[in-house]
Amino acid sequence: MNLDKNKPALYLIPSSIGDGGYLNEAPVLNKEIISEIRHFIVENIKTAKRFIASCGLTDIIDDCTFYELNEHTDLKGISGYLDPILKNKVSMGVISEAGCPAVADPGAAAVELAHKKGIRVVPLPGPSSMILSVMASGLNGQSFAFNGYLPAKDGEREKKLRSLEARACNENQTQLFIETPYRNLKMFASILKVCKPSTRVCIASGLLSESEFIKTKTVAEWKKSEEPPFNKVPAVFLIGR
């Protein structure tokens with residue numbers, strides 16, 4: 001599939017995660033499409049330029065226009081972001097800080113806007129830390145739910161963990177969530193404190209990097225083990241029965 005200039009669209013372009021070399025390279029299809037786009041909605045302009053350069057497309061960067069969309073963006077001000085598609089009839093791309101755009105990512109606002117305006121949305125293949133962690137966990141991959149960030153306050157976080165554990169056990173639905181990397185160890189301690197000894201917990205951190213760590217153990221087994229080496233490293237937590 002190549003970019004169809006007669007059918008302008010919003011292309012969702014996954015970016016690299018970790019430092020996994022060829023495992024993280026953008027597919028040839030994605031590179032071809034990126035090479036023809038000059039308007040990008042991105043979470044971080046510097047990171048997006050670095051990703052485009054990693055695709056061997058340094059020569060197009062100076063001709064590109066970048067529209068920043070992140071947690072600090074006032075969503076009331078993004079209504080004109082898709083004007084290149086609507087007014088100029090040219091395709092645009094959405095690039096996340098890492099992994100798949102619009103999945104646990106501010107880019108979802110751009111996709112929502114595209115649907116409201118009747119713009120064609122085209123997702124492209126690439127790495128997703130959530131899917132990679134489910135694949136590698138050994139937990140139920142038929143039914144799983146991503147819960148984003150859990151509450152930061154101890155009492156609220158522990159209450160949410162009990163709720164997720166109950167759902168994982170009662171429905172056999174794997175529960176995924178993430179934490180700010182510098183609070184990983186605190187989250188891990190909370191899991192061991194409130195979850196049942198038989199509950200299985202997977203820690204998947206540093207995916208597609210040299211420091212990649214993926215282990216699934218019961219809470220009882222984790223209590224007898226050393227802490228995972230994932231302090232300040234992006235990680236996905238998974239709970240299952």
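Everything below is about the structure shown above.
All of the points below concern the structure found in this document.

Calculation notes
Residues numbered from 1 in each chain as written. Predicted model: local features only at pLDDT ≥ 70, side-chain atom pairs only at ≥ 80, totals over all residues. Heavy atoms only, no water. Pairing = 2+ DSSP bridges. Helix = DSSP H or I, 4+ residues; strand = E, 2+ residues; numbered from the N terminus. Axes fitted to C-alpha atoms, helices over the stretch in contact; angles between N-to-C directions. Contact = heavy atoms within 4.5 Å. Buried < 20%, exposed > 50% of the residue type's maximum accessible area, 1.4 Å probe, protein only. Parallel < 35°, antiparallel > 145°, perpendicular 65-115°, else oblique. Left-handed = near helix turned anticlockwise from the far one by under 90°. Nonpolar A, V, L, I, M, F, W, Y, C, P; charged D, E, K, R; others polar. Core = buried A, V, L, I, M, F, W, Y, C linked by side-chain atoms within 4.5 Å.

### Concerning the sheet that holds strand β8 (residues 200-205)
Now for step 1: Spatially, 5 strands are ordered β6-β7-β10-β8-β9 in an open sheet, and the strand pairing comes out mixed. Single-partner strands in this sheet number two, and they are β6 (144-149) and β9 (213-218). Within this sheet the neighbouring strands show an average axis-to-axis angle of 15 degrees, counted without direction.
Now for step 2: Note that β8 and β9 share 6 bridges and pair antiparallel. Along β9, the bridge assignment pairs V201 with K217.
Now for step 3: Strand contacts of helix α5 (residues 129-137): β6, β7 (174-178), β8, β9 and β10 (235-240), with the helix running at about 45 degrees to β10, the strand carrying the most contacts.

### Here we look at unusual backbone geometry
Now for step 1: For A102, which is not a glycine, the phi torsion comes out positive at approximately 75 degrees.
Now for step 2: If you trace the backbone, A102 turns up in the loop between β4 (92-95) and α4 (108-116).
Now for step 3: The class for A102 is partly exposed, based on a relative accessible area of 25%.
Now for step 4: Despite not being glycine, K232 shows a phi value in the positive range, around 65 degrees.
Now for step 5: Residue classification places K232 among the exposed positions, given a relative accessible area of 61%.

### What about the packing of helix α6 (residues 154-171) against helix α7 (residues 184-194)?
Now for step 1: Running from N to C, α6 and α7 point in directions that differ by 60 degrees, and their axes come no closer than 10 Å. By the angle class used here, α6 and α7 are oblique. Judged by the sense of rotation from one axis to the other, the crossing of α6 with α7 is right-handed. Listed contacts from α7 to D154, R157, E158, L161, R162 and E165 of α6 are K186, M187, S190, I191, K193 and V194.
Now for step 2: Taken together, the residues that form the contact of α6 with α7 break down as 4 nonpolar, 1 polar and 7 charged.

### Regarding the nonpolar core
Here is a general trend for soluble globular proteins: nonpolar side chains tend to be buried in one another's company.
Now for step 1: If you look at the biggest cluster of nonpolar residues, it comprises 22 residues, and the most contacted ones within it are Y11, I13, I34, F40 and I52.
Now for step 2: Those elements that place two or more of their residues in this core are β1 (9-13), α1 (28-34), β2 (39-42) and α2 (45-54).
Now for step 3: Contact partners of I13, with chain neighbours within four places excluded, come to I34, I37, F40, F51, G93, V94, I95, S96, G99, P101 and L124.

### Things to note about the environment of L69
Now for step 1: Take L69: it is sitting in the loop between β3 (65-68) and α3 (83-86).
Now for step 2: Classification of L69 as buried rests on a relative accessible area of 2%.
Now for step 3: Taking C-alpha positions, L69 is 42 Å from A220, a pair spaced 151 residues apart along the chain.
Now for step 4: L69 has contacts with I41, V42, E43, L75, I78, Y81, P106, G107, A109 and A110, leaving out every residue within four places of it along the chain.

### A closer look at the environment of P181
Now for step 1: Along the chain, the position of P181 falls in the loop between β7 and α7.
Now for step 2: Linking P181 and G77, residues 104 residues apart in sequence, is a C-alpha distance of 30 Å.
Now for step 3: With residues near it in sequence (within four places) discarded, P181 still touches F230, N231, K232, V233 and P234.

Interpretation note: all reported values are geometric properties and have no functional meaning in isolation.
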